[in-house]
Amino acid sequence: MGYKWKTWPLLISQMFTRMFSPHRRWSLNGTLIDLGNDYRRHMSGGNLIISNLDRDQDAGIYQCTAFNVRGAILSRRASLQFAYLDNFKTQTVRSAVNVREGQGVVLLCGPPAYSGELTFAWIFNEYPYFVQQDSRRFISQETGSLYIAKVEPSDVGNYTCVVNNTVTREKVLSSPTPLVLRSDGVMGEYEPKIEVHFPDSVPAAKESVVKLECFALGNPVPEISWRRTSGVPFSSKVKMRNSNAVLEIPNFQQEDAGTYECMAENRRGKNAARGRISFHAKPHWLQTLTDTALSIQENLFWECKASGKPKPSYSWLKNGDTIAPEGRVQIENGALSIAALNLSDSGMYQCVAENKHGIIYSSAQLMVLGKIASFPLALLKARSGSEVTLECKPQASPPAISLWKKGNEILQRTERITLLSNGTLKIANVTKRDAATYTCVAKNQFGTASTTGRLLITEPTRITMRPTNMEIIVGESIVLPCQIACDPALDVSFSWAFNGQLIDFQRDGDHFERVGGTISGDLMIRNIQLNHGGKYVCVIDTDVESLSHAAYSLIDSGPPGPPDKVSVEEITDSTAQLSWTPGRDNGSPITGYIVQARTPFTVGWQAVDTVPEMINGNMLTATVVGLNAWVEYEFRVVARNNVGLGEPSPASAKTRTEDAIPDTAPTDVGGGGGTKSELVITWEPVPEELQNGEGFGYIIAFRPVGTVMWTRAVISTPGVARYVFRNDTIPPFSPFDVKVGAYNNRGEGPFSSIATVYSAEEVPGVAPKRVRARSVSAAQIEAMWEALPAVPERVLGYEVVYWEDDTKPDTIGKVRISGNYTLANITGLTADTVYYLSVAAFNTAGPGPQSAPINTTTKKPPPDRPPLNIQWTMIGSTLTLHWDPVVAMETESKVTGYLVLLKRHRYNDVNTILTTKTTVELSLSTSDNYLIQIKAMSEGGEGVGSEPIHIHKLSESAALFASCISFPFSTVDKA
């Protein structure tokens, strides 16, 4: 057992931006860490750095405290845990498991002691032959056990459990468990028995990935299905994996909570398991604290609120210590109150919200004032002739006495000037002469403070061009003007309201757009519709006032209103007789009607054929033709006039056409493949809307090519698209004539055209020889082999299987090459890693035997650093580049040269130059722009590119100038 983390330091980072020059200290499991006497731990910029991690000494809960003269606050807690995986205790062969053929069996894994997430796989007989999961075999990632629903003779052998720790990448193997067939007969059929099922109650955190396992033993092999007992269908994000044995719900949300049911079913019966998934969420702030300044003897009330499930509990801290309610201090849920504040109550406070999924902190400073604090007074704008109010509200305890100055002159009460006892200054009917700087001076026994602001008087704003009432026609576009003259010191904004509602130009941009500049707020209305008639109001807002003006638009004429009372008078298997009543013509006579229909199988409403083909405006009835039999239809009618199409009528009542014999044959008849002695026939199912009635099914007919008699089979399931005929007398890869027809309760319909389908072939019987492999780069391997000589079976190509020695088995990769090729490139690999691979020939029956595994190691990765200190010199049209060499580390491939990429902007082409030196000369055109990048080259591939360098086109004189100066990289225009 080893720990890969021992050689790496751990960096735990916390940032406190709210406090001035804070000091910090760290604790582990509530005990202060003495950094002065600890050679493995030190602090840098508030970060705690731990070298040579030790599982026994360093595991636990870490927390940082930041403090200064104003108080202290605690950081969030950080948990450090160590992953490990012990070996299996015994290495002797496990006891054999004896079962009958057809019986289900469970092979227990029993993983050793561990910490961290595990994954499980099983080896069959010898590595690297892993058990492949399907509807008959399942490996639980919860227990690690292997479940075989129905044992077959091919399952006999030795099974070894493989346990992987995903954190440490350690892997341990159990002792083999022999699986032996009993000789006392074959197990008969029996109903499913669910051996793997999820708990009755499953807590799930918000945004987590929830996986539910369900697998049953049974004969025949049970089929697994899932549903929500509420009847709510699964959302598109829900995935079924491993032949439906695993239900996966990514990004779990509140609406995914509920009771889930797994159903296992075969022809002998069915069984079900249920469990409820409950929604849990870590705390999230709804209301946080804000810094507060109060005077002595005032009362404090702070409240914080957080959401979460389960509901969070609250606690309060002052300067990092828990606050206990007593006397003046009271705590109720998320509220803290302190009566009659004194100076000792100042400090840093934190509200803590916590549930079992997490803990959050909200921090704020409380200042208890016993003197005058600074207070703001900003620039104020006012319209000439209005009343101005200037407030003077210093934070002072005891309260301060205030006086006002205009410039250096102390203000006194006059007919226009009012001085209130709370320090507020009011000036009535202001003029340009009142524009000046105003200073408020506040004084109490602790001292004096003052602040100055400026009063700016502006001229009234005038509307110079107003919107007017107008009559318009549907489809036209108009502009409603709204223009002003205003004081240049003002900030102006325009908005428009339509029938009392503010226009959202982003949402309604298809019809409304505001045009003009800073003093124009014109409204453009495009493609006007009937519903655009009404009251339009232009609203002008400035710093000092708000103005508005209204206009009305009247719509002369428009498309007709919706028809009404659409009903189906008579219906057959392909026609429907409709009637309706007319809607309003909206000022233009109705010239015609269009009939539309929809079914459960169409996307929205579709226009349908009618008799008569053109329905004039005087007709209120028509016959719809070309309908499908035994389909539920809804109809609606749309009227038109010279202005355009109107709104559609309400839909008619749903009506089903009569049934009929099928008139559509299945399409895409084909097949092939399967296992020995099988004829596999496939087709494209007839859509439900073309099945023409109840009792729909398929008739499959087939015969060997050159014979007369057809063999027929009937399938009564409409959605099935595959039929398998099994007979030991069928020779491999022999041709058959095949056709598929349809039927329902009314009779048989047409057959498809005859297709030729070949019976299953046998897999190639031998493995390729002389398999070789070589590493091409850090991410690519090239595999080679000899083509198979003539063999009885067909060879359609070759399959290369590759795997990493300590990779999880389910990440095994495959590359298939069709044709008689004997070379394959495997890409996307990990650098400096041993890969094993074997090759097999394949055909439609699958891959044949694999060659003996061989291995090769990918190259070390290229350097992950770009060339640095790039300098360039331009003399005429010759550019000379210099850069520092890139030195590969021991874990990287040695640098073999450099790749210079030269891109011309005009032609958008890229030229490449390879060099073994750290300098290169390039001949450039002075009339084009260039982009240059340099990369190191190695056996492992291309390294990281330098920052792109832009060389801008030079005039003749500029080129001469560049020849005199050498520019360092820092002056180059970088992308």
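Residues numbered from 1 in each chain as written. Predicted model: local features only at pLDDT ≥ 70, side-chain atom pairs only at ≥ 80, totals over all residues. Heavy atoms only, no water.

Caption draft 1: Main features of the sheet that holds strand β11 (residues 105-107). The strand order across the open sheet formed by 3 strands is β11-β15-β14, and the pairing between neighbours is antiparallel. At either margin of the open sheet sits one strand with a lone partner, and together these are β11 and β14 (137-139). The average angle at which neighbouring strand axes cross in this sheet is 15 degrees, direction not considered. Judged from the 3 bridges that link them, β11 and strand β15 (residues 146-148) form a sheet pairing that is antiparallel. When the bridges of β15 are listed, Leu107 appears paired with Leu146. (Pairing = 2+ DSSP bridges. Helix = DSSP H or I, 4+ residues; strand = E, 2+ residues; numbered from the N terminus. Axes fitted to C-alpha atoms, helices over the stretch in contact; angles between N-to-C directions.)

Caption draft 2: Focus on the UniProt feature "domain: Ig-like" (unreviewed entry) in the chain. This chain's UniProt record puts "domain: Ig-like" (unreviewed entry) on residues 86-174, 192-278, 283-367, 370-458 and 460-548. Within residues 192-278, the helical portion is 0% and the strand portion 61%, while the C-alpha atoms at the span's ends are 28 Å from each other. The span residues 283-367 shows a helical share of 0% and a strand share of 62%, and its end C-alpha atoms are spaced 28 Å apart. (UniProt positions renumbered as here; feature names shortened; annotations may be inferred.)

Caption draft 3: Highlighting the confidence of the model for the chain. Confidence along the chain averages 87 in pLDDT terms, with 94% of residues attaining 70 or more. Here residues 1-19 scores under 50 on pLDDT; set against residues more than four positions off or in separate chains, the count is 55 contacts. Predicted confidence is poor over residues 955-975, with pLDDT under 50, and the contacts of this stretch with residues over four places away or in other chains come to 32 contacts. (pLDDT = per-residue confidence, 0-100. Contact = heavy atoms within 4.5 Å.)

Caption draft 4: Local environment of the environment of Thr439. The topology assignment puts Thr439 in strand β42 (residues 436-444). Judged by its relative accessible area of 13%, Thr439 is buried. Distance from Thr439 to Gly453, taken between C-alpha atoms, is 6.5 Å for residues 14 residues apart in sequence. Excluding residues that lie within four positions of it along the chain, Thr439 makes contacts with Leu403, Trp404, Lys405, Ser450, Thr451 and Thr452. A polar contact is formed between the side chain of Thr439 and the side chain of Thr452, at a distance of 2.8 Å. (Buried < 20%, exposed > 50% of the residue type's maximum accessible area, 1.4 Å probe, protein only. Polar contact = N/O pair within 3.5 Å; in protein donor to acceptor, adjacent residues only side chain to side chain.)

Caption draft 5: View of the UniProt feature "domain: Fibronectin type-III" (unreviewed entry) in the chain. According to UniProt, the positions carrying the feature "domain: Fibronectin type-III" (unreviewed entry) are residues 562-660, 665-762, 767-861 and 866-957. Along residues 665-762 one finds 0% helix and 50% strand; the C-alpha atoms at either end are 32 Å apart.

Caption draft 6: Broad picture of the pairing of strand β35 (residues 358-369). The element β35 is largely enclosed, with a buried count of 10 among its 12 residues. Looking at chain direction, strand β27 (residues 292-295) and β35 are connected through 4 bridges and run parallel. The residue of β35 that forms the bridge with Ala293 is Met367. Where strand β34 (residues 347-355) lies against β35, 9 bridges are found, and the strand directions are antiparallel. Across the sheet, Gly347 pairs through a bridge with Leu366, a residue of β35.

Caption draft 7: A look at the layout of surface pockets. In this structure, the second largest pocket spans a volume of roughly 330 Å³. Surrounding the second largest pocket, 13 residues form its lining, Ala281, Lys282, Pro283, His284 and Ile360 being those nearest its centre. At the level of secondary structure, the elements contributing two or more residues to the lining of the second largest pocket comprise β26 (269-287), β29 (305-309) and β35. Sorting elements by how many residues they give to the lining of the second largest pocket places β26 first, with 4 residues. Residues that form the lining of the second largest pocket fall into these classes: 4 nonpolar, 5 polar and 4 charged. (1 Å grid on protein atoms, 1.4 Å probe; cavity = no way out; pocket = protein on both sides within 12 Å on 5 of 7 lines; lining within 4 Å. Points joined across faces, edges and corners; volume = space filled by probe spheres on them. Nonpolar A, V, L, I, M, F, W, Y, C, P; charged D, E, K, R; others polar.)

Caption draft 8: Representation of the environment of Lys239. With respect to the helices and strands, the residue Lys239 is situated in strand β23 (residues 239-241). Here the alpha-carbon distance between Lys239 and Ile249, two residues 10 residues apart in the chain, equals 6.7 Å. Beyond its immediate stretch of four places on either side in the chain, Lys239 contacts Val246, Leu247 and Glu248.

Caption draft 9: Region of interest: the nonpolar core. Counting residues in each nonpolar core, the largest one holds 22 residues, and the members touching the most others are Leu212, Trp226, Ile249, Phe252 and Ile277. Elements supplying a minimum of two residues to this core: β20 (201-205), β21 (210-219), β22 (223-228), β24 (246-249), β25 (258-266) and β26. Once residues lying within four places of it in the same chain are set aside, the contact partners of Ile277 are Val202, Ala204, Val210, Leu212, Ile249, Phe252, Ala257, Gly258 and Tyr260. (Core = buried A, V, L, I, M, F, W, Y, C linked by side-chain atoms within 4.5 Å.)

Caption draft 10: Inspection of the state of the cysteines at higher detail. As enumerated under the stated definition, the model contains 5 disulfides in all. Paired through a disulfide, Cys482 and Cys538 show a sulfur-sulfur distance of 2.0 Å. The disulfide joining Cys482 to Cys538 has a torsion of about -80 degrees about its S-S bond and is therefore left-handed. Of the two residues, Cys482 is situated in the loop between β46 (478-480) and β47 (483-485) and Cys538 in strand β52 (residues 534-541); the sequence distance between them amounts to 56 residues. (Disulfide = S-S within 2.5 Å.)

Caption draft 11: Quick peek at the packing of aromatic side chains. The full count for this structure, using the stated rule, is 21 aromatic pairs. For the pair Phe498 and Tyr536, a centre-to-centre distance of 4.6 Å together with 25 degrees between the ring planes defines the contact as stacked. Of the two residues, Phe498 is situated in strand β48 (residues 493-498) and Tyr536 in strand β52; the sequence distance between them amounts to 38 residues. When its relative accessible area of 1% is taken as the criterion, Tyr536 is described as buried. Taken together, the aromatic side chains of Phe138, Tyr147 and Phe215 make up a single cluster linked through ring pairs. In this structure, Arg55 is placed above the aromatic ring of Tyr84, and the distance from its NZ or CZ to the ring centre is 3.8 Å. (Phe/Tyr/Trp six-rings, centres within 6.5 Å; stacked < 30°, edge-to-face > 60°. Lys NZ or Arg CZ within 6 Å of the ring centre and 35° of its normal.)

Caption draft 12: Geometry of the environment of Trp26. Relative to the elements of secondary structure, Trp26 occurs in strand β2 (residues 23-28). Residue Trp26 is classed as buried on the basis of its relative accessible area of 2%.

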